[in-house]
Amino acid sequence: QRADVRIVISLSNVDEKLKRTFEPRSPGIKRRLKMMASLANGGIPVGTSLMPILPFIGDRKDQIEEAIRATKDHGGTYIVAGGLTMAGVQAERSLDAAREYDPSTEEKWRKFFNWREGGQPNYGPTRKYNANLGLRVRELCVKHGVLDRMPRPIRYAKFPLNKRIAEKLLLKVYDLELEQAHTSRVWAYRKAAWAIDELSYSVEGKSEKELQEIEGIGASVAQEIEKMIHEL
């Protein structure tokens, strides 16, 4: 009643064998889904943090769909998905688990992350892989009637119009990432979103020219923001 809340339940997958191998000491999948249903029944917006989606052993379409279907069936209304990153001790532990799950995965992961023996892996998957994964998740979310991004908590914001515009700009950023658009376009919208989000005043009634005076907002994005102001 006093705050706008969004919750995500971490579920890398709903495959019991993968769960036992990669998260042996974490709460059970059924317990997490039961908690999701309890939150949803209490009127609290909840969804799934589908991270990390494991390459080659957890990223098949049917595996992702199973997790999205479970989310829908337990009252979840959105998915936040992402691939596996490999940093520090996490990389070695993840590789050990992958080797335990299926010994042939080690060679695939070493090639996927450009990880030579004795060296360091790339931090994350390629841009192309991430985009294709995101499109796969989006297709399945549309099929099951859930969102592939988490709605922002805006209701009690000091400047709700700013927050709604920033949300629309960030959704545009994600769309551009899935399209593998040039990074300059992606960053133009991302910087504009951050700028609007952090303003100490409302953009209501601001003209395109006034918007361009805000650091981080270029001419073409300012034009789009002015349209958003009138539409929202």
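Since this is a predicted model, take the numbers as computed values, not measurements.

Engineer: Describe the pairing of strand β3 (residues 79–83), listing the residues and the values that go with them.
Structural biologist: Burial analysis of β3 places four of its five residues in the buried class, the great majority of the element. When strand β2 (residues 46–53) meets β3, the two strands line up parallel, connected through four bridges. Its bridge partner lying in β3, Ser49 is registered against Val80. The parallel pair β2 and β3, bridged by helix α3 (residues 61–73), forms a crossover whose chirality is right-handed.

Engineer: So what's going on with the nonpolar core? Residues and values would help.
Structural biologist: Ranked by internal contacts, the top residues of the largest apolar core, which has 31 residues, are Ile64, Ile68, Ile79, Trp109 and Val137. Where this core is concerned, the elements lending two or more residues are α2 (29–41), β2, α3, β3, α4 (89–101), α5 (105–112) and α6 (127–144). Apart from the residues lying within four places of it in its own chain, the contact partners of Ile68 are Ile79, Val137, Leu140, Cys141, His144 and Val146. Counting 23 residues, the second-largest nonpolar core is a separate cluster that includes Val186, Leu199, Val203 and Ile225.

Engineer: Can you explain the side chain of Thr48? Please cite residues and give values.
Structural biologist: Assignment of secondary structure puts Thr48 in strand β2. Look at Thr48 and you get buried, because its relative accessible area is 1%. Among the polar contacts made by the side chain of Thr48, one reaches the side chain of Thr71 at a distance of 2.6 Å. Sequence-distant contacts of Thr48, that is, excluding residues within four places in its chain, are made with Val8, Ile9, Leu11, Met36, Thr71, Tyr78, Ile79 and Val80.

Engineer: Account for the packing of helix α8 (residues 183–197) against helix α10 (residues 219–231), naming residues and giving values.
Structural biologist: Interaxial distance between α8 and α10 falls to 10 Å at its minimum, and their mutual angle equals 55 degrees. The orientation of α8 with respect to α10, classified from their angle, is oblique. For the crossing formed where α8 meets α10, the hand is right-handed. Counted together, Ala188, Tyr189, Ala192 and Ile196 of α8 and Val221, Glu224 and Ile225 of α10 form the full contact between these two elements. Split into classes, the residues belonging to the contact of α8 with α10 amount to six nonpolar, no polar and one charged.

Engineer: A description of the sheet that holds β3 should follow, citing residues and the corresponding values.
Structural biologist: Taken in spatial order, the three strands make up an open sheet running β1-β2-β3, and their pairing is parallel. Every other strand in the sheet has two partners, leaving β1 (7–10) and β3 as the edge strands with one partner each. Strand-to-strand twist across the sheet, computed as the mean angle between neighbouring axes with direction ignored, equals 25 degrees. The sheet contacts of α3 involve β2 and β3, and relative to β2 the element is tilted by about 160 degrees. Strands in contact with α6 are β2 and β3; relative to β3, the strand with the most contacts, it is inclined by about 155 degrees.

What counts and what doesn't
- Residues numbered from 1 in each chain as written.
- Predicted model: local features only at pLDDT ≥ 70, side-chain atom pairs only at ≥ 80, totals over all residues.
- Heavy atoms only, no water.
- Buried < 20%, exposed > 50% of the residue type's maximum accessible area, 1.4 Å probe, protein only.
- Helix = DSSP H or I, 4+ residues; strand = E, 2+ residues; numbered from the N terminus.
- Pairing = 2+ DSSP bridges.
- Right-handed = clockwise from strand over helix to strand, strands pointing away.
- Core = buried A, V, L, I, M, F, W, Y, C linked by side-chain atoms within 4.5 Å.
- Contact = heavy atoms within 4.5 Å.
- Polar contact = N/O pair within 3.5 Å; in protein donor to acceptor, adjacent residues only side chain to side chain.
- Axes fitted to C-alpha atoms, helices over the stretch in contact; angles between N-to-C directions.
- Parallel < 35°, antiparallel > 145°, perpendicular 65-115°, else oblique.
- Left-handed = near helix turned anticlockwise from the far one by under 90°.
- Nonpolar A, V, L, I, M, F, W, Y, C, P; charged D, E, K, R; others polar.

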